Amino acid sequence: MDSKSITFFPEQASSIAGTVDNLYLFLVLISAFFSLLIAGLIIYFAVKYRRRSDADMPVPAHGGLLLEITWSVIPLGISMVIFAWGASIFFTESRPPADSMEIWVTGKQWMWKVQHMEGQREINELHIPVGRNIKLTLTSEDVIHDFYVPEFRTKADVVPGRYTTEWFRPTKTGKYHIFCAEYCGTKHSGMVGAVYVMQPADYAMWLTNGGAQGSMSQRGEALFQQLGCVTCHQADGHGRCPTLVGLFGKPVEIQHGQVVNADASYIRESILYPQAKIVAGYEPIMPTFQGQVTEEGVQQLVEYVKSIGPKDTTGAGAPTPSPLTTGSQPGTAQQRATNPTAITVPGKR
Amino acid sequence: MITATPTQHEPKNYINSDYGIKSWLLTQDHKRIAILYLIVVTAFFFLGGLFAVLIRIELATPAGDLVDSNVYNKLFTMHGIIMVFFFLIPSIPAILGNFLIPLMIGAKDLAFPKINLLSWYIYVAGGVFTLYALMRGGVDTGWTFYTPFSTSYSNSYVIATGLGIFINGFSAILTGLNFIVTIHRMRAPGMTWFRLPLFVWAHYATSMIQVLGTPVIAVTLLLLILERGLHIGIFDPALGGDPVLYQHLFWFYSHPAVYIMILPAMGVVSEIISCFCKKAPFGYSFIAFSSIAIAVFGFLVWGHHLFVSSQSVYAGMVFSMLSYLVAIPSAIKVFNWTSTMYKASVEMSTPMLYAIGFIGLFTIGGLTGLFVAALGIDVHVTDTYFVVAHFHYIMVGGAIMGFLGGIHFWWPKITGRMYADTWSKLSAIIIFVGFNLTFFPQFILGYLGMPRRYHVYPPEFQVFNVLSSAGASILGFGYLLPFCYLLYSLKFGPKAPANPWGAVGLEWQTSSPPISENFEVTPVVTQDAYQYSTREEVKVG
Ligand SMILES: [Cu+2]
Ligand SMILES: [Cu+2]
């Protein structure tokens, strides 16, 4: 990143970058028009009607209702167009496509830790293939951070205690900035990194170079054994706790007849705060695993639970999230801890 | 305020009516209290400005070479806290509003003179707390105090600073209450609501926000202090709290707070434009009601600060749309001010230059508000320099131009002295140019993706940072000029007549400076505000 010729736009390196820039340019034009209109009128009036002598008297103009309505309604109309345009971009940005490749990102003061499904891990770097939809699931170990890639025109806060998501489709190979955009303490400006967008073949090569020891779900399975989860959560459902086989993405009935979706946030919560939601018909006997498992370990456990989830999730069988029917925002950058996540496609890998 | 030594012929006024430090520190005269505020607020302005200068010097180069990251973080935090809570919020209301509201409505004083003095002491006490935190090593959370960083991770003086702001809030509440009661109960005979100057309408709307909004920030800060001090889990997820809840509470106050800063400036601008056009503002009632509309709608848009915070998508959409609605009353004001100049008798005095500067900067600030309210763009530019530029155009471009315009407009009334015309016009132009050079490049930086609150930044952002720092040096010089020539005018400026600008408000009908009781006899109002003598009437629309 040498100091090239002066530019006013970051590179357009994602599928939405162009859309965002178009709206931006539209707004620049609107703003230029109104700024010049106001400035022009003020200068014109100031010169034309300048006071030439002390005897100079103005001509009063009594407010015209028509004029007031005109200059209220026109800006209102324009701003509603901007609103709708901006909201439609946002809606796209907030809903990761179902075929997205998933990557886990954990922020902590002051670094980014990335886990790929295949098991590769990296710090302050993110390697991804060009042309694929990428969905990041983000969380923080401490304070709020924000994962920002200007060249992709998107960012999402990384909030401790919950999963948020962010997705993009890189359209251009290259190296781009990762910035932490939410102030997070001393080395906030040092919490930066690079996204490497690669040709799919190069990416496949890169995946094999990592020397990763098992995929995320395999590591999750190992943790599942190691932490003793398996003693209660038996596969055949005869343990003292509900079985986790076929659970992922399904609705679960908890106490008081409430129903929650068994998504990543729910699984994370059940591991760290097991008393928060008790499955109907079971005793609240599970101990918390806070302090015994890291955020990354939890992510591996989630992937393990996902891997033993319902087999038919590629299409109709999956709980297709619809914001209108669930009243929440599946798989959005704005995901609350209790919302269902978007469907995933375990069959891919 | 050492004005001319009294001679035999010097008429009595509020300044020479009594002498000695005690007569000032125990005064109940709203005009003297306004002067007390002026002194302290000015001191805070230059302190906050000093931090800004250090920030801009640091950012002239990509590397962190002037100070280390901890110091840098404290600099922008203290800059924000001092400028927002101890300069911008009290500036126009507590100084000009305090001085002028009773004069403009034909009253002897505010409704509660003792509470008015108490407000000043509370303000000073809050300031002392904050300065104490600063002396002990400062605070590094940003003026926004986002949790859980502020409650569980920051190693700085969060509680002392929070208490300072908490205490200071009561000053704003009491001032707002005082204004509301005064405007309701103390108007001179014949001063009906629709004869009130627009400055008074703007302050009425501001006071509503202060009274209704400030308690929320006070409670929020208290909760923050409880969590930090006693580890009661409210915001930190590790303690079972919700960090985004804090952001909702914080912005529920802090977005309306922007209107506490800008509405009074709009009131000032309405007065100045009318006076130097020698005619009534176009659309008086539209300007008046747009102030009220801004105050009401301003409470409904806080969620636009949380578009990427994990707030729900649908909440984001509602807040985005409401943010556009709150822009309309501001647009109405700008169009009405501009139309006032049509067929007017325009005099380019110093206050008028500031008022026009206000319109220019506020227009750019407002229009860039359309960018950040657009969800799809905000995801890209939020937490970048685009937002920094946007709110400085509103809060510095808007509020400070309004403040300086008001100070220049009423200076003869407040002090009884005229300032140097050439110097004051020159400084208005320098400030306008310096401001734009400082903050316009930051829009570009923001769109390029430079995050805010970055001590160190990638080298490709340097060009625009250097431009911004160069602009800041011009701006800083511009702000020092009025300080010098206004002080100079106190001793050496020519004596001001009662009505140097030929304005028609009640405040211009009493002497300059006014007597302690404001008016020899209580005025009786028989006509609308802004009744300038004009030529034949024309009907528009
Ligand atoms: Cu950060
Ligand atoms: Cu706001």
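Please read these numbers as outputs of a predicted model, since none were measured by experiment.

Considerations on the domain arrangement of chain A
Residues and elements named next belong to chain A.
Okay, so step 1: Along its sequence, chain A is organised into domain 1 (101–208) and domain 2 (216–344).
Okay, so step 2: Taken together, the contact between domain 1 and domain 2 spans 21 residues of the former and 21 residues of the latter.
Okay, so step 3: In total, domain 1 and domain 2 occlude about 1900 Å² of area from one another, counting both sides; carbon and sulfur atoms represent 44% of this.
Okay, so step 4: Area buried by domain 1 at its contact with domain 2 is led by Trp104, Gln115 and Tyr163, which between them contribute 34% of it.
Okay, so step 5: Taken together, the connections running from domain 1 to domain 2 amount to three salt bridges.
Okay, so step 6: Of the charged contacts in the structure, one is a salt bridge between Glu296 and Lys113, with a shortest N-O distance of 3.1 Å.
Okay, so step 7: If you look at where domain 1 meets domain 2, you find 10 residue pairs in polar contact (both at pLDDT 80 or more).
Okay, so step 8: Elements with a minimum of two residues in the side of domain 1 that touches domain 2: strand 2 (101–108), strand 3 (111–116), strand 6 (134–140) and strand 9 (164–168).

Let's talk about the pairing of strand 5 (residues 125–129) of chain A
Residues and elements named next belong to chain A.
Okay, so step 1: Within strand 5, four of the five residues are buried, leaving the element largely enclosed by the surrounding structure.
Okay, so step 2: Of the pairings in the sheet, the one linking strand 5 to strand 11 (residues 192–198) comprises five bridges and is parallel in character. Paired with Glu125 across the two strands is Ala194, which belongs to strand 11.

Some points on the packing of helix 2 (residues 30–58) of chain B against helix 3 (residues 69–105) of chain B
Residue and element names in this part refer to chain B.
Okay, so step 1: Orientation of helix 2 relative to helix 3, taken along the N-to-C sense of each, is 155 degrees, at an axis distance of 8 Å. One way to sum up the angle between helix 2 and helix 3 is to call them roughly antiparallel. Once helix 2 is placed against helix 3, the crossing between them reads as left-handed.
Okay, so step 2: Of the residues that constitute the contact of helix 2 with helix 3, the class distribution is 26 nonpolar, six polar and two charged.

Considering helix 3 of chain B
All names here are of chain B.
Okay, so step 1: Here helix 3 contains 37 residues, and its C-alpha end-to-end distance of 51 Å stays within 8% of the 54 Å for a straight helix at 1.5 Å per residue.
Okay, so step 2: Along its length, helix 3 shows its largest kink, about 55 degrees, at Pro90.
Okay, so step 3: Within helix 3, 34 of the 37 residues are buried, which leaves it mostly tucked inside the rest of the structure.
Okay, so step 4: A side-chain oxygen of the first residue of helix 3 lies 3.1 Å from the backbone nitrogen of Asn70; this N-cap is Asp68.
Okay, so step 5: Count one or two residues on from helix 3 and you reach Gly106, which has phi positive near 75 degrees.

Brief notes about the pairing of strand 2 of chain A
In summary, the side chains of a regular strand alternate between the two faces of the sheet.
Residues and elements named next belong to chain A.
Okay, so step 1: Burial within strand 2 is extensive, with seven of its eight residues counted as buried.
Okay, so step 2: In terms of strand pairing, strand 2 meets strand 3 through six bridges, oriented antiparallel. When the sheet's bridge partners are listed, Lys108 is paired in strand 3 with Met111.
Okay, so step 3: Between the end of strand 2 and the start of strand 3, which pair antiparallel, lie two residues.

Thresholds applied
- Along each chain, the written sequence defines residue order, and numbers are assigned to residues from 1.
- Chains and ligands are labelled by the order in which they are written, letters from A for the one and numbers from 1 for the other.
- Where local features are concerned, this predicted model is filtered to residues with pLDDT of at least 70; where side-chain atom pairs are given and counted, the filter is 80 or more; whole-chain, interface and lining totals use all residues.
- Excluding hydrogens and water, the side-chain values take into account all heavy atoms of the structure.
- Each domain span listed reflects an automatic or database assignment of domains.
- Contact definition: two residues touch when any of their heavy atoms are within 4.5 Å.
- Buried area, as used here, totals the accessible surface that two parts lose on assembly, with accessibility defined by a 1.4 Å probe and the loss added over both.
- For this document, the term salt bridge refers to a Lys or Arg side-chain nitrogen within 4 Å of an Asp or Glu carboxyl oxygen.
- For the purposes of these results, a polar contact is taken to be a pair of N or O atoms within 3.5 Å, where, inside protein, one atom must be able to donate a hydrogen and its partner to accept one; residues adjacent in sequence count only when each atom of the pair is a side-chain atom.
- We count a stretch as a helix when DSSP gives it H or I for four or more residues in a row; a strand needs E for two or more, and each element gets its number in order from the N terminus.
- A simple rule labels every residue: compare its accessible area, found with a 1.4 Å probe on the protein chains alone, to the largest value its type can have, and call it buried under 20%, exposed over 50%, or partly exposed in between.
- Between any two strands, at least two bridges found by DSSP are needed for them to pair.
- In this analysis an axis means a line fitted to C-alpha atoms, helices contributing only their contacting stretch, and an angle means the value between N-to-C directions, from 0 to 180 degrees.
- By the definition adopted for this analysis, an angle is roughly parallel if under 35 degrees, roughly antiparallel if over 145, roughly perpendicular if from 65 to 115, and oblique otherwise.
- When the near helix sits turned anticlockwise from the far one by under a right angle, the crossing is termed left-handed; a clockwise turn instead gives a right-handed crossing.
- For this classification, Asp, Glu, Lys and Arg are treated as charged, while Ala, Val, Leu, Ile, Met, Phe, Trp, Tyr, Cys and Pro are nonpolar and the rest, including Gly, are polar.
- Here, expected helix span is obtained from the residue count minus one, scaled by 1.5 Å.
- The term bend refers to the angle at a residue between two fitted axes, each drawn through seven residues, those ending there and those starting there.

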